[in-house]
Structure formats: C-alpha cells, structure tokens
Amino acid sequence: MKICVFGAGAIGGHGAARLARGGADVSVVTRGAHLAAMVERGITVRAPDGTFTAKVRASSDPASLGRQDAVIVTMKAPSLPSLAAGIGPLLGPDTPVAFVMNGVPWWYFQRHSGPLAGTRLPKLDPDAAVEQAVGIGRTIGGTVYSACTVVEPGVVSAINQKSRVVLGELDGSASDRVKAIAAALEAGGMGGVVSPDIRKEVWLKWMGNIANGPLCILTRRTVAETYSEPAIREAAAALMREGAALARALGSEIEVDVQARLKGSAEMPHKPSILQDLERGKPMEIDALFTVPQDLADQLGVPMPTLALLSALDRQAARAAGLYAG
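Draft legend 1. The overall build of the protein, seen in detail. When its secondary structure is counted, the protein shows 12 helices and 12 strands. Taking 326 residues into account, the globule formula puts the C-alpha radius of gyration at 20 Å, and the protein, at 19 Å, falls close to it. Structurally, the protein occupies a C-alpha span of about 50 × 40 × 35 Å along its principal axes. The long-range share in the protein, meaning contacts at least 24 apart out of those at least 6 apart in sequence, stands at 73%. Surface summary for the protein: the accessible area is close to 12900 Å², and the carbon and sulfur share equals 52%. For the protein, the distance from the average position of its 33 positive side-chain charges to the average position of its 31 negative side-chain charges is 4 Å.

Written as structure tokens, this is what we have:
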C-alpha cells in the first residue's frame, strides 16, 4: 500500500516510520533539516518498544512522490493552506485523505446530522481551500494518541507505551479504506482503531489537549510539572467539564472519569505539542484548540469561563511571540 504522510514532524515522523516498519510503501512531505536528515538516514524512532530506523521517500515537493493509495495528514491546522496548494499530485481517482490532527477539524459539520450541520469553519479552512482541494468524499477523520518530540532532525522520541491512531468515516460507516489504513498502522506497531463515531473521538482527544495545553503554555513546563500544583489541576478539571458540556451540546455524549485522566496526565514528563511550537517559534494551533471551540460554545450558549480566560491569555502569549495573528 502506497501511503504518503503529509507533514512529517513528530507525530507524522513517528507514524511514517511505523507504517514503513509494517511493510507499507511510505513517502513523506516535509521540509528543512528534518527533510535533509530523512533523505540521508531515514526516520529513527525511540520508543518504549525499542529504537528503530525506517527508510522512506522524503520530499518537500508532493509532485515528486506520485499518486498514492492513501494520504495521512499530520500537519498542524495553521499549515493547511500549504496542503491545499500542494496535495493534488498525490491524489488518484479514489485516494482517501485521513486528517489526523488536534482540535476541532475543518470537516466537523460536514456529513453531520447534529446541531449546526453543514456549518463551515473559515478560521480553519479559509475560503474552503482544503475542502475544494481534497473533497468531502475523500475525507476521513482521525485523532492520535502519541506523546512525541523531535529530539533532533530525523529522530523522534515517543514516550507512550502504546501509541494509537483512531480513524473514522464522517458518516460513521466502517469502510474498507479506513480498515486498510488502520491495518497498515497496526502492522508497524502503532495501534490503528476504526471508530463508528469519529466526532466523539475528536472530543475525547480534545479534552486532553484542552486540559494540558492552555496551562502548560503559561507555565512553560511539562504536564507532570504543571499538575504538581493542586489549583492548576482543578483548573484542568474545570476545562474538561466545560469541554464535555460543549460536546454534549453538539450531540456527542462524553463519559469521562476526569480525575482518572488527570492522574494519568500528571505522570507525563512531556510538553504538549502547542508548547513545543511556542518554544520553537512555529505557528500555534490556537484556533483549532481554543478559538473555534469557544466560538461554538458562544453560539450554542454553553458557558466556558475557564477556557475563555485561559485561551485569551494564551492568545496574548502567542501574539507576543509572533506565532498567531488572530
């Protein structure tokens, strides 16, 4: 199976290496020092199940990689305009595109029967450029659980005992194409899960992001270090409760043991990816993680005072660093 990972940073690099290890014909779209290292040495993954190096075809030009059987998008939401401009050469008549990303995705209200069905999210997909370039028919939703860091060009550290990618069709069907991508991930040792309700999975992942990211941006410390203060842990719990209320208002009933999730997070010596972006001077996922959920809450009349305060503070931090223009 020919699979291209578009945006092979920490998560994408880990996923690409796992796919190659499982026998897929893997290419990646990336750039800079990461690209140069992959071309020369491949991708090295350091994980609890061992260290390994996988050879992949790497390029900054999608046209050089040819048509694919599937594309997995792991880039951050602020980079989606570059995807819209470049993905065309990778797509054959039936090539699916799985968006494995953080936050509320651009496609969320398409093929959806719940509240706000059909709504478009221009902060995430300006001028519907991604929708036009890819098409709703090709689109697969996805989330990922893999605490990863690029420790040097071409080298990714993953601390989870078992990483996993959750995929799902927007209409909830269990299609062969989703099963094929999940199986390719599973073959390389990265769990591939097919969900009949990908929107619920989006909220489950987002609740972890929202409990960790806004607070760690302010502390500039790992999740474990940040949660060492009881008052901060209570703020994280409030964020998760607010998130569950928003998901419920949008038709997704989320059952989460908040204290159990916080206990697990409190043991993670890991900086959330949005903090890593701030420290490395990369565009931050402010809109997908903070602004758009807050907009939806305001539209639906769901009170989210904790998120409102913390996201406002984080936007200030991102603007001060020149990493957010909104």
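Draft legend 2. Local environment of the packing of aromatic side chains. For the structure shown, the criterion picks out five aromatic pairs. Taking 5.4 Å as the distance between ring centres and 80° as the angle between the ring planes, the aromatic pair formed by Phe99 and Trp106 counts as edge-to-face. By the burial criterion, Phe99 is buried, and Trp106 matches it. The interplanar angle of 75° and the centroid separation of 4.8 Å between the aromatic rings of Tyr108 and Phe109 together place this pair among those described as edge-to-face. By relative accessible area, which is 1% here, Tyr108 ends up buried. Using a relative accessible area of 1% as the deciding quantity, one classes Phe109 as buried.

Draft legend 3. Highlighting the pairing of strand β1 (residues 2-6). Within β1, four of the five residues are buried, which leaves it mostly tucked inside the rest of the structure. The pairing of β1 with strand β2 (residues 25-29) spans five bridges and is parallel. Bridging from a neighbouring strand, Ile3 pairs with Val26 of β2. The parallel pair β1 and β2, bridged by helix α1 (residues 10-21), forms a crossover whose chirality is right-handed. As defined by bridge partners, β1 adjoins strand β6 (residues 70-73) across four bridges and the pair is classed as parallel.

The rules behind each value
- Residues numbered from 1 in each chain as written.
- Predicted model: local features only at pLDDT ≥ 70, side-chain atom pairs only at ≥ 80, totals over all residues.
- Heavy atoms only, no water.
- Helix = DSSP H or I, 4+ residues; strand = E, 2+ residues; numbered from the N terminus.
- Rg over C-alpha atoms; globule rule 2.2 N^0.38 Å.
- Contact = heavy atoms within 4.5 Å.
- Areas by Shrake-Rupley, 256 points an atom, 1.4 Å probe, with all protein chains shown as cover.
- Lys, Arg positive; Asp, Glu negative; His and termini not counted.
- Charge placed at Lys NZ, Arg CZ, Asp CG, Glu CD.
- Phe/Tyr/Trp six-rings, centres within 6.5 Å; stacked < 30°, edge-to-face > 60°.
- Buried < 20%, exposed > 50% of the residue type's maximum accessible area, 1.4 Å probe, protein only.
- Pairing = 2+ DSSP bridges.
- Right-handed = clockwise from strand over helix to strand, strands pointing away.

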